[in-house]
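Examining the three-dimensional arrangement
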Amino acid sequence: MIRRLLVTGGAGFIGANFVHHWCKVYPEDRVVVLDALTYAGNRLNLALVEGIENFRFVEGDICDRTIIDELLSTENIDTIAHFAAESHVDRSILGPAAFVQTNVVGTFTLLEAFRQHWEAKGKPFDYRFLHVSTDEVYGSLGADDAAFCETTPYAPNSPYSASKAGSDHLVRAYYHTYQLPTIITNCSNNYGPYQFPEKLISLMCINTLIGKPLPVYGDGKNVRDWLYVGDHCRALDVVINHGQPGETYNIGGNNEVENINLVQLLCQMMDELAPDLPVHPAKQLITFVKDRQGHDRRYAINANKIKTQLGWTPSVTIAEGLRLTVEWYLNHRDWWEPLLSAEYQAYYRKNYL
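As the structure is a prediction and not an experimental result, all values here were calculated from the model. (Residues numbered from 1 in each chain as written. Predicted model: local features only at pLDDT ≥ 70, side-chain atom pairs only at ≥ 80, totals over all residues. Heavy atoms only, no water.)

1. Points about the pattern of salt bridges
All told, the structure shown has 17 salt bridges when counted by the stated rule. Among the ionic pairs, Asp 231 bridges to Arg 234, the shortest N-O distance being 2.9 Å. With a gap of 3 residues between them, Asp 231 and Arg 234 both fall in helix 7 (residues 229-242), about one helical turn apart. Judged by relative accessible area, which is 2%, Asp 231 ranks as buried. Residues participating in the shared-partner salt-bridge network are Arg 4, Arg 30, Arg 56 and Glu 75. (Salt bridge = Lys/Arg side-chain N within 4 Å of Asp/Glu carboxyl O. Helix = DSSP H or I, 4+ residues; strand = E, 2+ residues; numbered from the N terminus. Buried < 20%, exposed > 50% of the residue type's maximum accessible area, 1.4 Å probe, protein only.)

Right under this line is the structure:
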């Protein structure tokens, strides 16, 4: 089918990569991005698609019911890909209110607007509401615990993950109460181009390039599963086109790595790819800092369901993905240098110093 998508948060990291993917693979589809352009939203992330005839950008808040109703109606939207979210754990600890507003109230606003739009259209079977969520809703794992699966009980441990859990529950409820064709995906840690320099990999890349310390929380042995954003976008494509309404699909990269090992690997790649670094070898910059409050020890994703039911598996290894990411930051200094604003520096000092 020819789809007409509303992509919320499409100027953010994962959302922008998804827009690039969709516009390339489905050039006949209409793609409308709604983004509030908060600190992590960047219009430049969409520069490659701005001139495409079937693309439209709208600046706006997902909590604004008026603008959502207008877009659903005038654009005749049949698919919502919902990425818009406050997503950084550290910021949720410093200021949780914005996370509840955007992630819970914003998701509710979208669901209610889409429900009424869908019902007015006669409840078409091919409409979709894709809710992109996180593995953090499942809580923390021990070293020998089985990986998260779709039936793992929710046990969020941060204001961020609690707000995402709340939004997941709303999405699930709208399917079971109204039969609204919703699908939830819970993904592991993403990395790749266009990621704001507060998340681990993007922060380490940029700090290495400018010779700043590489802050590693606690003992550095927290484990995360890493998913290259391009693989994630392929998975979401499959879910929209072939996933079953009412279902949840976990999306992982099959790349469990301790934080300290990841940072050391990044340093090695930086030494190789950027021989003129301010500090060489880059590993000299590694600095252990006070651990994050309530820091979850390990996340791991069991992605067997999406593999067996929809045929998706990740294709990018952690070594391949890190190399692609490092090369991107090396070649896009004009993208990330303006992000190191006074507000960013103040946040950085509050969080790491």
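Resuming the write-up.
2. Describing the packing of aromatic side chains
Inspection of every chain in the model, using the stated rule, returns 23 aromatic pairs. Consider the rings of Trp 328 and Tyr 329, whose centres lie 5.1 Å apart with planes at 85°: the pair is edge-to-face. Taking relative accessible area as the criterion, Trp 328 reaches 11% and is therefore assigned buried. Taking relative accessible area as the criterion, Tyr 329 reaches 0% and is therefore assigned buried. Centroid distance Tyr 344 to Tyr 348: 6.3 Å. Interplanar angle 40°. Geometry classified as tilted. Linking Tyr 344 with Tyr 348, this pair stays in helix 12 (residues 342-352), spanning 4 residues, or about one helical turn. What makes Tyr 348 buried here is its relative accessible area of 5%. Through successive ring pairs, a cluster of aromatic residues spans Tyr 39, Phe 196, Tyr 217, Tyr 344, Tyr 347, Tyr 348 and Tyr 352. One Lys or Arg, Arg 91, reaches over the ring of Tyr 39 and ends 3.8 Å from the middle of that ring. One cation-aromatic arrangement involves Arg 115 over Tyr 178; the distance from NZ or CZ to the ring centre is 4.4 Å. (Phe/Tyr/Trp six-rings, centres within 6.5 Å; stacked < 30°, edge-to-face > 60°. Lys NZ or Arg CZ within 6 Å of the ring centre and 35° of its normal.)

3. Quick word on helix 2 (residues 65-74)
Turning to helix 2, its buried residues are Ile 67, Ile 68, Leu 71 and Leu 72. What you see down the axis of helix 2 is that its buried residues fit within an arc of 130°, all on one side. Opposite the packed face of helix 2, turned more than 90 degrees from it, sit the exposed residues Thr 66 and Ser 73. The residue sitting at the N-terminus of helix 2 and contributing the capping side-chain oxygen is Asp 64; that oxygen lies 3.1 Å from the backbone nitrogen of Thr 66. Taken from the residues just after helix 2, Asn 76 is the one with a positive phi, measuring 50°. (Arc of directions from axis to C-beta. Polar contact = N/O pair within 3.5 Å; in protein donor to acceptor, adjacent residues only side chain to side chain.)

4. A short note on the sheet that holds strand 11 (residues 256-258)
The mixed open sheet is built from 3 strands, whose spatial order is 7-9-11. Strands with a single pairing partner mark the edges of an open sheet, and in this sheet they are strand 7 (189-191) and strand 11. Taking each pair of neighbouring strands and ignoring which way they run, the sheet shows an average axis angle of 50°. Sheet topology note: the strand 7/strand 9 (residues 223-228) ladder contains 3 bridges and is parallel. For Asn 189, the partnering residue across the bridge sits in strand 9 and is Trp 226. Packed on one face of the sheet, helix 8 (residues 259-273) meets strand 9 and strand 11 and runs near 85° to strand 11. (Pairing = 2+ DSSP bridges. Axes fitted to C-alpha atoms, helices over the stretch in contact; angles between N-to-C directions. Contact = heavy atoms within 4.5 Å.)

5. Considering unusual backbone geometry
Of note, the amide linkage connecting His 280 to Pro 281 takes the cis form, showing an omega dihedral of 0°. By the element assignment, Pro 281 lies in the loop between helix 8 and strand 12 (286-289). Of note in this structure, Gln 179 is not a glycine but carries a positive phi near 60°. Along the chain, Gln 179 turns up in the loop between helix 5 (159-178) and strand 6 (182-187).

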